Amino acid sequence: MADKIIAVVGATGSQGGALASAILNDRNGGFTCRAITRDPNKDKARELAAKGAEVVRADLDDRASLEKAFAGAHGAYCVTNFWEHFSAEKEKAQAKHLAEAAKAAGVKHVIWSTLEDTRKLMAAGDTRMPMLQQKYRVPHFDAKAEADAYFQGLPVTFLVTSFYWDNLYMFGMAPKKGEDGNYNWTLPMGNKRLAGIAAEDIGKVAYGIFKAGQQYVGKTVGITGENLTLSEMSQKLSAALGVDVTYNAVEPDAYRSFGFPGADEMGNMFQVYRDFEREVLGARSAEAARSLDPELQSFDQWIAKNKSKIPL
Ligand SMILES: NC(=O)c1ccc[n+]([C@@H]2O[C@H](COP(=O)([O-])OP(=O)(O)OC[C@H]3O[C@@H](n4cnc5c(N)ncnc54)[C@H](OP(=O)(O)O)[C@@H]3O)[C@@H](O)[C@H]2O)c1
């Protein structure tokens with residue numbers, strides 16, 4: 001039987017890239033990777049082609065291009081990148097294109113990389129955090145959750161992801177060096193635990209879902225690698241990297257006022273993690289992740305593997 005094609009949106013990025021690697025590293029797994037990018041000539045796309053992926057051009061803003069890219073595919077991994085435009089409405093429009101294209105192409109198994117609707121955690125009039133973009137608490141969460149509706153009726157698995165530890169080297173989130181030479185981490189998380197995961201494991205879990213197939217259709221799978229407080233993460237970073245990392249807890253209002261692009265959004269997100277620890281952690285399971293990806297990494301394992309990239 002011919003291998004089944006998985007069309008991977010975001011294949012040049014963290015989540016999709018991890019799934020593409022998982023498929024390409026399993027030559028006899030029965031699946032092939034169709035890597036979707038806006039620019040097949042970029043280095044990452046060329047690397048994927050060299051490793052055996054079929055590289056196809058498509059744009060989330062162009063539904064017809066997605067329909068073509070999904071044609072003949074068994075599976076589609078659907079992810080949107082809020083951080084490229086910071087717009088909840090645009091993220092929803094892109095998700096709608098993905099769902100419509102998957103439907104038109106008759107894809108047999110779709111994974112939608114989603115997050116929860118944080119508005120459901122608080123009363124509408126709750127004043128602990130500002131509403132953003134008129135009607136959202138955490139726009140990149142709430143928009144993805146709203147977009148779940150577009151995928152209803154499709155053979156879909158909703159994958160609820162967690163904060164990638166890779167943000168430490170890719171998203172400028174690493175502890176910053178102070179004048180005393182020690183590192184400080186300023187976040188509004190109090191002493192609550194952060195659900196974290198290696199981006200690599202999101203891809204491996206997604207591959208596990210495609211391999212398992214039908215039993216995951218119609219299901220929501222929430223995943224984490226390990227849930228740790230920022231103090232615990234600081235201790236682990238200090239021990240593994242031989243530096244002194246201190247966690248400095250601030251109030252969300254202070255964090256939102258830091259002024260970097262997305263500070264209000266990130267402040268709201270971390271406040272949701274802090275104020276609704278039970279709900280956020282309850283929606284994610286390391287056991288569920290490990291059952292699909294037996295090599296699921298702990299934070300210590302992730303640090304050991306990524307040491308050279310962490311700017312400490
Ligand atoms: N960082 C975290 O901790 C975290 C945790 C949970 C969820 N998320 C969510 O993850 C999403 C981003 O995923 P990521 O981290 O894998 O992204 P990433 O590493 O920044 O890469 C973005 C990917 O999206 C593709 N892309 C962006 N706009 C596109 C468009 N218009 N048409 C086609 N492809 C497009 C890019 O492809 P080309 O540039 O090659 O076209 C690239 O492959 C965000 O929405 C974020 O909310 C992040």
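(A) Highlighting the nonpolar core. One finds Leu 19, Phe 70, Tyr 77, Leu 98, Trp 112, Phe 151 and Leu 159 to be the most contacted residues of the largest nonpolar core, which totals 59 residues. Among the elements that take part in this core, helix H7 (residues 199-212) stands out by supplying seven residues, more than any other. Beyond its immediate sequence surroundings of up to four residues, Phe 70 is in contact with Ala 7, Val 9, Arg 34, Ile 36, Ala 76, Cys 78, Leu 98, Ala 101, Ala 102, Ala 105 and Val 107.

(B) Highlighting the pairing of strand S5 (residues 109-114). The buried fraction of S5 is high, at six of six residues. Here S5 shows two buried faces, one formed by His 109, Ile 111 and Ser 113 and the other by Val 110, Trp 112 and Thr 114. Two strands pair when backbone bridges link them, and strand S4 (residues 75-78) and S5 are joined in this way by four bridges, in the parallel orientation. Its bridge partner lying in S5, Cys 78 is registered against Trp 112. As for the winding sense of the linkage, the β-α-β connection from S4 through helix H4 (residues 88-105) to S5 is right-handed.

(C) The site of the ligand, seen in detail. Surrounding the ligand, one finds 27 residues, the nearest of these being Thr 12, Thr 37, Thr 80, Lys 144 and Tyr 164. Glu 91 places a polar side-chain atom, nitrogen or oxygen, 3.4 Å from an oxygen atom of the ligand. In the model, an oxygen atom of the ligand is placed 2.7 Å from a nitrogen or oxygen of the Lys 144 side chain. Relative to its unbound accessible surface of 920 Å², the ligand loses 87% to contact with the protein. Mapped onto the shell around the ligand, the elements with two or more residues apiece are helix H1 (14-24), H4, helix H5 (139-151) and strand S7 (163-164). Per-class residue counts for the shell around the ligand are eight nonpolar, 13 polar and six charged.

(D) Fine view of the packing of aromatic side chains. All told, the structure shown has 16 aromatic pairs when counted by the stated rule. Summarising the aromatic geometry, the rings of Phe 82 and Phe 86 are spaced 5.9 Å apart at their centres and angled 50° between planes, so their arrangement reads as tilted. Residue classification places Phe 82 among the buried positions, given a relative accessible area of 1%. Aromatic side chains Phe 299 and Trp 302 sit 5.9 Å apart centroid to centroid with 5° between the ring planes, which places their arrangement in the stacked category. Of the two residues, Phe 299 and Trp 302 are both situated in helix H13 (residues 299-306); the distance of three residues between them amounts to about one turn of the helix. Exposure remark for Phe 299: the relative accessible area of 0% places this residue in the buried category. Overall, Trp 302 belongs to the buried group, its relative accessible area being 0%. By way of ring pairs, the aromatic residues Phe 141, Phe 163, Tyr 255, Phe 258, Phe 260, Phe 270 and Tyr 273 are connected into one cluster.

(E) How the structure looks around H5. Taking 1.5 Å of rise per residue, the 13 residues of H5 would be expected to cover 18 Å, and the 19 Å separating its terminal C-alpha atoms lies within 8% of that figure. Of all 13 residues in H5, ten are buried; the element is thus mostly enclosed. Where the residues of H5 are buried, they touch S4, H4, S5, strand S6 (156-160) and helix H10 (263-275). Backbone geometry just after H5 places Gly 153 at a positive phi near 95°.

(F) Here's a closer look at the packing of H1 against H7. Between H1 and H7, the shortest axis-to-axis distance is 7 Å and the interhelical angle comes to 55°. In this view, H1 runs oblique relative to H7, as classed from their interaxial angle. The interaxial crossing formed by H1 with H7 has right-handed handedness. Between H1 and H7, the contacting residues are Ser 14, Gln 15, Ala 18, Leu 19, Ala 22 and Ile 23 on the first element and Ala 199, Glu 200, Ile 202, Gly 203, Lys 204, Ala 206, Tyr 207 and Phe 210 on the second. Split into classes, the residues belonging to the contact of H1 with H7 amount to nine nonpolar, three polar and two charged.

The rules behind each value
- Residues numbered from 1 in each chain as written.
- Predicted model: local features only at pLDDT ≥ 70, side-chain atom pairs only at ≥ 80, totals over all residues.
- Heavy atoms only, no water.
- Core = buried A, V, L, I, M, F, W, Y, C linked by side-chain atoms within 4.5 Å.
- Buried < 20%, exposed > 50% of the residue type's maximum accessible area, 1.4 Å probe, protein only.
- Helix = DSSP H or I, 4+ residues; strand = E, 2+ residues; numbered from the N terminus.
- Contact = heavy atoms within 4.5 Å.
- Pairing = 2+ DSSP bridges.
- Right-handed = clockwise from strand over helix to strand, strands pointing away.
- Near = heavy atom within 4 Å.
- Polar contact = N/O pair within 3.5 Å; in protein donor to acceptor, adjacent residues only side chain to side chain.
- Areas by Shrake-Rupley, 256 points an atom, 1.4 Å probe, with all protein chains shown as cover.
- Nonpolar A, V, L, I, M, F, W, Y, C, P; charged D, E, K, R; others polar.
- Phe/Tyr/Trp six-rings, centres within 6.5 Å; stacked < 30°, edge-to-face > 60°.
- Expected span 1.5 Å × (residues − 1).
- Axes fitted to C-alpha atoms, helices over the stretch in contact; angles between N-to-C directions.
- Parallel < 35°, antiparallel > 145°, perpendicular 65-115°, else oblique.
- Left-handed = near helix turned anticlockwise from the far one by under 90°.

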